[in-house]
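These are the residues of each chain, in order.
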Amino acid sequence: KAGVTQTPRYLIKTRGQQVTLSCSPISGHRSVSWYQQTPGQGLQFLFEYFSETQRNKGNFPGRFSGRQFSNSRSEMNVSTLELGDSALYLCASSLGLLGSNQPQHFGDGTRLSIL
Amino acid sequence: GESVGLHLPTLSVQEGDNSIINCAYSNSASDYFIWYKQESGKGPQFIIDIRSNMDKRQGQRVTVLLNKTVKHLSLQIAATQPGDSAVYFCAEGSWGKLQFGAGTQVVVTP
C-alpha cells in the first residue's frame with residue numbers, strides 16, 4: 001500500500017509570491033491534515049480536511065488555506081509569502097477525524113524556502 | 001538573522017541497551033496518545049499508540065506506558081539499534097485536536 005505522497009519535495013520562492021503544495025493520502029483515508037514544522041516552533045497544526053470540508057483549524061493567518069478533492073487528495077496554498085514561512089510542510093492522512101483514535105500517517109514533506 | 005531552535009533534549013544510548021523516552025502531556029482531557037519517530041529528511045513515522053483506558057501497550061521491541069495521574073507518557077525501546085537514532089515525538093489527542101511535544105533526540109552509540 002503506497003504511503004502519503006507529497007509534491008514537490010523542495011521549493012524555493014521569494015517574498016510576496018504564492019505557493020501550492022499537494023498531498024495524496026493513503027488509499028482509503030479520508031482525513032488529511034497539514035502541519036508546519038520549524039526548528040523554532042516544532043510541529044504546528046494548520047488544518048484538517050475530511051470529505052472535502054475543513055473540519056479543524058489551527059492558529060495560522062488566512063494566508064494559509066487548503067482544499068480537498070473528491071478523491072481525498074488535498075492541496076495547501078500560502079499567499080503573500082513571508083520569510084517566516086520557510087519550513088517543512090507535512091501532510092498526514094488518517095482513516096478518521098482527529099480525535100477518533102486513528103493514527104495519522106505522514107508524508108516526507110515539502111521543504112519550502114523563502115528568499 | 002540567526003534562527004533560534006527548540007532545544008531538544010538528547011538521550012544517548014549504547015547499542016543493545018534499553019531506551020526510555022519520557023513525555024509530559026498537558027491536557028487532562030486528552031484520551032489518545034501516539035509516539036512518532038522522525039529520521040533526518042523524512043516525515044514522522046507512526047510507532048505505537050495507546051488510548052486513555054489503557055496504561056500499557058506493547059509492540060515489536062517497543063512498549064508505551066501511560067500514567068494519567070501525573071500526565072506522563074513513556075516509550076521504551078528494547079535492545080536499541082543504530083537504526084533507532086532519530087527524533088521521537090509524543091502526541092496527545094482529543095476530539096478535533098492533536099498536539100505534538102517538542103521531541104527527544106535519541107543517539108545510539110556503538
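Residues numbered from 1 in each chain as written. Chains lettered and ligands numbered in written order. Predicted model: local features only at pLDDT ≥ 70, side-chain atom pairs only at ≥ 80, totals over all residues. Heavy atoms only, no water.

### With respect to the nonpolar core
Counting 21 residues, the largest nonpolar core has W34(A), L46(A), F64(A), M76(A) and Y89(A) as its most contacted members. Looking at this core, the elements that each hand over two or more residues are β3 (19–24), β4 (31–38), β5 (42–50), β8 (74–78), β9 (87–94) and β11 (110–114) of chain A. Setting aside chain neighbours within four positions, we find Y89(A) in contact with Q6(A), L21(A), Y35(A), Q36(A), L46(A), F64(A), M76(A), G109(A), T110(A) and L112(A). Counting residues in each nonpolar core, the second largest holds 18 residues, with I50(B), L75(B), C90(B) and V106(B) among its members. (Core = buried A, V, L, I, M, F, W, Y, C linked by side-chain atoms within 4.5 Å. Buried < 20%, exposed > 50% of the residue type's maximum accessible area, 1.4 Å probe, protein only. Helix = DSSP H or I, 4+ residues; strand = E, 2+ residues; numbered from the N terminus. Contact = heavy atoms within 4.5 Å.)

### Some words on the sheet that holds strand β1 (residues 5–7) of chain A
In a beta sheet, neighbouring strands are held together by backbone hydrogen bonds and run either parallel or antiparallel to one another. Residue and element names in this part refer to chain A. The strand order across the open sheet built from four strands is β1-β3-β8-β7, with neighbouring strands paired in antiparallel fashion. Where the open sheet ends on each side, the last strands, each with one partner, are β1 and β7 (64–68). Along the sheet, successive strands turn relative to each other by an average axial angle of 20°, direction set aside. As judged from the five bridges shared by β7 and β8, these two strands associate in the antiparallel manner. Looking at β8, one finds that F64 is bridged to V78. (Pairing = 2+ DSSP bridges. Axes fitted to C-alpha atoms, helices over the stretch in contact; angles between N-to-C directions.)

### Quick notes on unusual backbone geometry
At the junction of T7(A) and P8(A), the peptide bond is cis and its omega measures out at -10° in the coordinates. The topology assignment puts P8(A) in the loop between β1 and β2 (10–13). Although it is not a glycine, A79(B) adopts a positive phi angle of roughly 50°. For A79(B), the location among the structural elements is in the loop between β7 (72–77) and β8 (86–94).

### A look at the state of the cysteines
One pass over the structure, following the stated rule, counts two disulfides over all chains. Linked covalently through their sulfurs, C23(A) and C91(A) form a disulfide whose S-S length is 1.8 Å. One quick way to see it: the torsion about the S-S bond of C23(A) and C91(A) is about -60°, and its sign makes the bridge left-handed. Separated by 68 residues along the polypeptide, C23(A) in strand β3 and C91(A) in strand β9 bring together distant segments of the chain. Take C23(A) and C91(A): they sit in the same class, and that class is buried. A sulfur-sulfur separation of 1.7 Å characterises the disulfide bridge that pairs C23(B) with C90(B). Disulfide C23(B)-C90(B): torsion about the S-S bond near 40°, hence right-handed. With a gap of 67 residues between them, C23(B) in strand β2 (residues 19–24) and C90(B) in strand β8 connect regions that are remote in the sequence. (Disulfide = S-S within 2.5 Å.)

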